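Examination of the molecular architecture
Spelled out, the chains give:
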Amino acid sequence: MNLKNKLRTNFFLIFLLAVFSTFLSYPKAVSKISPVYNFFDKLKINLGLDLQGGIHLEYKADVSQIEKGKVGEAMEAVQDVIERRVNAFGVSEPLIYTTKSGADNILVVELAGIKDIEEAKSQIKGTPILEFKEESSEKEEDVEIPEEFLTQLNQQRKEKAEEILKKVLAGEDFAQLAKENSDDPGSKENGGEYDFVKKRSFVPEYEDVIFNKNLVDGTIYPSLVESSFGWHIIKKIQVRGEGDDQEFKSAHILFAKQTQPEPQKEFVSTGLTGKNLKNAKVELQNQGLAEPQVGLKFDDEGAKLFAEITKRNLKKQVAIYLDGEIISAPTVQAEITNGEAVITGNFTLEDAKNLVKNLNEGALPVPISLVSQNSVEASLGEISLRESMKAGAMGLGVILIFMIFYYRYLGLVASFSLLIYTALMVTIFKLSVLTPWGITFTLSGIAGFILSIGMAVDANILIFERTKEELASGRNVLGSIRQGFERAWPSIRDGNFSTIITSLILIWVGTGFVKGFAVVLIIGVIVSMFTAIVITKTILNFTLREWAEKRVWLIVPSHQKNSEK
Amino acid sequence: MLQIINKRKYFYFISATLVISGLGAIFIWGMNFGIDFTGGTEMKIEFSQNIPKKNVIEEKLKELNLVGFSLKKGEKNLIILQYEKSDDDINRKVFEKIKEIDSNAKQLSVNFIGASVSSRLKTNAVEAIMLSILGIAIYISVAFRKVSRPVSSWKYGLGAIIALAHDVIITAGIFSFLGHFYGVKTDVAFVAALLTILGYSVNDTIVVYDRIRENILRSGIKDEFESVINRSLNETLARSINTSFTVIIVLVFLIIFGSEAIRYFSLALLIGVSFGTYSSIFVASALIATIYKFQINRK
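Note that the coordinates shown come from a computational prediction; the quantities given were computed from them, not determined experimentally.

1. A closer look at the overall build of chain B
Helix and strand content of chain B: nine helices and four strands. If you list the helices and strands of chain B from N to C, you get α-α-β-α-β-β-α-β-α-α-α-α-α. Rg of the C-alpha trace for chain B: 24 Å, well past the compact-globule value of 19 Å for 299 residues, more than 25% over. The dimensions of chain B, computed from C-alpha atoms along their principal axes, are 80 × 35 × 30 Å. Among the 299 residues that make up chain B, the fraction classed as buried is 50%.

2. Observations regarding the environment of A:Ala459
Residues and elements named next belong to chain A. Within the secondary structure, alanine 459 sits in helix H13 (residues 458-472). Looking at alanine 459, the number of C-beta atoms within 10 Å reads 28, which means it is buried. Counting along the chain gives 29 residues from alanine 459 to alanine 488, while the straight-line C-alpha distance between them is 8.0 Å. Alanine 459 has contacts with Ile492, Ser528, Met529, Ala532 and Ile533, leaving out every residue within four places of it along the chain.

3. Some points on the interface of chain A and chain B
If you look at the interface, chain A gives 58 residues, while chain B gives 55 residues. With 13 residues, helix H14 (residues 477-509) of chain A is the largest single contributor of residues to the side of chain A that touches chain B. Class assignment for the residues of the side of chain A that touches chain B results in 27 nonpolar, 18 polar and 13 charged. As paired elements, strand E17 (residues 368-376) of chain A and strand E4 (residues 106-113) of chain B share five bridges and run antiparallel to each other. The residue bridging A:Asn374 from the neighbouring strand is B:Asn111, located in E4(B).

4. Examining the domain arrangement of chain B
Residue and element names in this part refer to chain B. Domain boundaries assigned for chain B yield domain 1 (8-35 + 117-298) and domain 2 (40-113). Here the C-alpha centroids of domain 1 and domain 2 sit 39 Å apart. Each residue belonging to the side of domain 1 that touches domain 2 can be placed in one class, and the counts come to two nonpolar, two polar and one charged.

5. Regarding the confidence of the model for chain A
Per-chain confidence: chain A averages 81 in pLDDT, with 92% of residues scoring 70 or above. Within the model, the stretch residues 561-565 of chain A combines pLDDT values under 50 with seven contacts to residues more than four positions away or in other chains.

6. Examining the nonpolar core
Formed by 176 residues in total, the largest nonpolar core has its most connected members in A:Val78 and B:Ala192. In terms of residue count, the dominant contributor to this core is helix H9 (residues 263-298) of chain B (18 residues). Judged by nonpolar contacts, the second largest core, of 21 residues, contains A:Phe132, A:Phe298, A:Val318 and A:Ala341.

7. With respect to the environment of B:Lys76
Residue and element names in this part refer to chain B. Residue position: lysine 76 is located in the loop between strand E2 (70-73) and strand E3 (78-83). Under the C-beta neighbour-count criterion, lysine 76 is labelled exposed, with 9 such atoms within 10 Å. Between the C-alpha atom of lysine 76 and that of leucine 108, which follows or precedes it by 32 residues, the distance is 13 Å.

Rules behind the numbers
- Residues numbered from 1 in each chain as written.
- Chains lettered and ligands numbered in written order.
- Predicted model: local features only at pLDDT ≥ 70, side-chain atom pairs only at ≥ 80, totals over all residues.
- Helix = DSSP H or I, 4+ residues; strand = E, 2+ residues; numbered from the N terminus.
- Rg over C-alpha atoms; globule rule 2.2 N^0.38 Å.
- Buried ≥ 20, exposed ≤ 12 C-beta atoms within 10 Å, placed from the backbone.
- Contact = placed C-beta atoms within 7 Å.
- Nonpolar A, V, L, I, M, F, W, Y, C, P; charged D, E, K, R; others polar.
- Pairing = 2+ DSSP bridges.
- Domains from an automatic or database assignment.
- pLDDT = per-residue confidence, 0-100.
- Core = buried A, V, L, I, M, F, W, Y, C linked by C-beta atoms within 7 Å.

Put into structure tokens, the structure is as follows:
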């Protein structure tokens, strides 16, 4: 009696499990009952990039400049920076992690469901690498441009300036000409215009025109003005204020003078990089022409480093590199201990703002390069998913028919178990998302899943073949079934064990495709042992009673029972 | 009862022919390795209308000097480009050129694998194969530790390993052929398929051996060893065929209706599982009989 109760309880539990996993794996089954539907429909399988479209990028970090012990730290910093960048373009659940492959430090970025792959890549790559370098002790030969050549170049530039001056004086659009011709990046895009600046902000030759030539607001000074920068065509727009508070608004077109280039120098790393940056901001300092510049504030470590660097390099140049290119190489005037530095380069306001934004999002402490990419367009992923699901469903259907046809009632029960197996697998995929071991379902995972459906009935086939043999040897129906389960077990165990061994090896050494396949296969093997043995056995024990003894045809064609042996 | 063991020389002949052809194919043509192992780029492009002529595309891409360039037509309006370079800029340029031909062309997928990554994958693949063989060898020796009569247990292990080598060589040989004539690539997925075959088909062999063991224990000496093997084979025949049949069904559906991306992976599995079933029925057990005969003749 006790045994019977236990059997009933088990059967009931399996029934509950079947119902629950069916609803969870296929919520549409209860779409009519909306609260239930909503409850079950909330969980989704975590689809991989190859199924929902997306991009998988692997970057190799060049840590050759980093001290051995600090590589891990640098990689963490890289990850942080890229995370901030990626979060900026709002991909749901980006996956960013660092990993080691042999001696290489690899950063993996996975963005699911992203539309513009090129844009994403340029955003990630767009993170600037900021480095401070100092002069190497080895001096290089100076490269000089011949004086006549320079004079000739400048003569040409001046002629060009005169030509444009004639045009503006003749009434052509000043702003347009400035845009096309000006060599001043700070004002060019604004049609040469600068907003109000205080007196004594610009070079004296320039201000002389504004304040001392009785030029009427809104007119153009009728001749070229030469300064250390080159030749200016100046338009006075407005002067306001009194005395020292006087401000002026003006526009100009600059034709830059070529001067002897700074001697080329070898610069070597100082160890101060963007990772020591606290923040950056755009500054419009009043120095010569109001060229935008970028102010940097270092963290404590950076400030200390910077103080040492400036002390060491007094009266020498310190070069600031951005993405491997030198953007400015000021000469150190004094030791700087407050941890602040300024980059002046030929920035337009727009450039400066972008740079500041990028620097604040984080500069990469080490350069990274793309070594592997795998991108899948969303539509392709969708087709892959649909086709493979269809193939799986058809395979499942044929197996069910085969099992029922070949093993009759036993096959029918095995078919139920197989359906429960399928639902249970989907349920596991869905529930795993709630745990730290979330399973991401990729195309290879589908292959593994479908293959596992084919393999899941193996155990049942082993059991049923054994049952048939027992029947043929004259045992009764219930006894044969019991013997079938008992004696097929070693084979089932051994068979699945070898599959588990190879799957574990695949998980261990494999990446991506292989791992996705092996993880699903191994879960499948384990779950199928449960469904094929425990569930099938419980249903058979619950449904088959003494009455079955007289109905051997339920299991084998009746003429077979005594035909063998 | 089928007389499989008595007719084993025919099956040996078939298997030997297949294995030798397989080895020949691998030796002559080699494997057509995919970018996983060689490094390089694979780009899938869908044209908005019909695929332009091959030479039109080639002409367009000529100036980019792509090394190891190959172009394959896929289903519908798909083409698959492959070349050795694995550089982001080159890939962008290639697609720009394609857009000059068909401005509505869509880049369905791009895979590129740098040299450092491909060499890692290669090492991983070799490691995985070694480990699997080792794992299975250990597994077999444990599984047969109790059998020692009339042939010792390690000889069962030998039979199983020969049968596995048979399956793997034939599968690789077929892929070598497909690679040479149809451009089918040998990639990481293929290696995964091989390992899965190893794990799956050793199981078939073991079930038959298990039965031989059981029948020997029951039968006593009066039965001929060969007929014990043959009876064991016949007893397990239905289950060997049926278990493989269900797996083969799903694989056939995957190949016909499944996604193109896993077609050749499924094909490798199908070939391996089919030959794995064949070898555990017709080769592995026959080998035990042969070993036994060899033993007697030597005495």
